[in-house]
Amino acid sequence: MKRVAVLTSGGDAPGMNAAIRSVIRCGVAKGWGMFGVKQGYAGLISGNIVEMGTRDVGGILQKGGTILGSARCAEFKTEEGRLKGIRALRQLGIDALVVIGGNGSQTGSYHLHKLDYPIVGIASTIDNDLYGSEMTIGVDTALNIALEAIDRLKVTASSHQRAFLLEVMGRNCGYIALMAGIAGGAEYIVIPEVESDPEEVAETLHLAYEHGKEHAIIVVAEGAKYNANALIEFFEKHRDRLGFKIRATILGHVQRGGEPGAFDRILASRLGNGAIEAVDRGEFGVLVGLNKGKITTTPLEEVVANKKEISMEMVELARKLD
Ligand code: ADP
């Protein structure tokens, strides 16, 4: 009988609970002893680990956030910290650890793997910036929240012939901005991966106004050089040219807290099962992800060494549709 622990780390994402539930229940189905680590790597270091059964993960499938808690833990970036974590797991006779999280968290899990501890990662971040999984847990729900914001802003924008700048999450990755912009019919999308000229944004607004559009929506990823604040500052100096009155809305953490949609719940359930199957096969040091509709494993070494690229096909599509 194996003993396996699961933790959530880094930024929380809707669907993390569905992944915890799946890991615990798929492990229990194999007859294994299952454990949850509280507060991510911080709880691992302090040995905050509890045994969990099927009932402990009841009623959480539809909840946002993570019942295990998450933390950012600087000590885990040191080898000493990681060795403390491994000791805590070994003291409880735990054979393997499943880490649910994004880029930072999987870098941490890669370092644990290099210390020869059996690790399996599950791709979860609302930014969708993790190499090794086309979609990560939480992205779809966050995207729908951004889309709802665009739809609502359009209504008020039309009433007042206004332009709205909507800043969405995405530190280094414009995925949410690009997809929400396409789904919401934005006039312009500003993402970190593609250089944007504020003159061009201003010109787009001006043309939209001249063509008699009732509203204009610009979606901006927070990590873009010209984020909402930088663009507003630029527009202040060119107010007469724009036509529209312009307002900025920064969506911020509102995007994280939603109840996971069907896509994220199903993805999380599949990835949780995929992680338990990887543990069963003895396949460690890998990230479980979704690629071309299938649950796949990618070595963590590859995951941390590569950057996920934005789809230029989607960037081109957005340009055609604005
Ligand atoms: P995310 O997983 O959402 O990208 P973070 O970047 O905040 O979140 O990372 C979460 C945690 O992962 C950090 O607080 C730290 O404990 C651990 N971590 C991040 N980078 C490293 C690293 N280079 N080595 C070891 N652990 C790391």
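Residues numbered from 1 in each chain as written. Predicted model: local features only at pLDDT ≥ 70, side-chain atom pairs only at ≥ 80, totals over all residues. Heavy atoms only, no water.

## Structural notes on the environment of Ala-5
No. 1: Its place among the elements puts Ala-5 in strand β1 (residues 3-8).
No. 2: Note on Ala-5: relative accessible area 0%, which makes it buried.
No. 3: On a C-alpha basis, the gap between Ala-5 and Val-303 in space is 22 Å, while along the polypeptide they are 298 residues apart.
No. 4: Once you skip the residues sitting within four places of it in the chain, Ala-5 turns out to touch Phe-35, Val-37, Leu-89, Ile-94, Ala-96, Leu-97 and Val-98. (Helix = DSSP H or I, 4+ residues; strand = E, 2+ residues; numbered from the N terminus. Buried < 20%, exposed > 50% of the residue type's maximum accessible area, 1.4 Å probe, protein only. Contact = heavy atoms within 4.5 Å.)

## What to know about the site of the ligand
No. 1: The environment of the ligand is formed by 16 residues, the closest being Gly-11, Arg-72, Cys-73, Gly-104 and Ser-105.
No. 2: Gly-104 is positioned with one of its backbone polar atoms (N or O) 2.9 Å from an oxygen atom of the ligand.
No. 3: Broken down by element, the shell around the ligand gets its largest block of residues, six residues, from helix α4 (residues 103-114).
No. 4: Residues that form the shell around the ligand fall into these classes: three nonpolar, 10 polar and three charged. (Near = heavy atom within 4 Å. Polar contact = N/O pair within 3.5 Å; in protein donor to acceptor, adjacent residues only side chain to side chain. Nonpolar A, V, L, I, M, F, W, Y, C, P; charged D, E, K, R; others polar.)

## Considering the domain arrangement of the chain
No. 1: Here the chain is described as being made up of domain 1 (3-138 + 260-305) and domain 2 (140-256).
No. 2: Placing a centre on the C-alpha atoms of domain 1 and another on those of domain 2 gives a separation of 34 Å.
No. 3: Domain 1 puts 13 residues into the contact, and the matching count from domain 2 is 10 residues.
No. 4: Both faces combined, the contact of domain 1 with domain 2 buries some 1100 Å², and carbon together with sulfur accounts for 49% of it.
No. 5: Where domain 1 packs against domain 2, one counts zero salt bridges.
No. 6: Our count for the domain 1 to domain 2 interface comes out at six residue pairs in polar contact (both at pLDDT 80 or more).
No. 7: Per-class residue counts for the side of domain 1 that touches domain 2 are five nonpolar, four polar and four charged. (Domains from an automatic or database assignment. Buried area = accessible area lost by both parts, 1.4 Å probe. Salt bridge = Lys/Arg side-chain N within 4 Å of Asp/Glu carboxyl O.)

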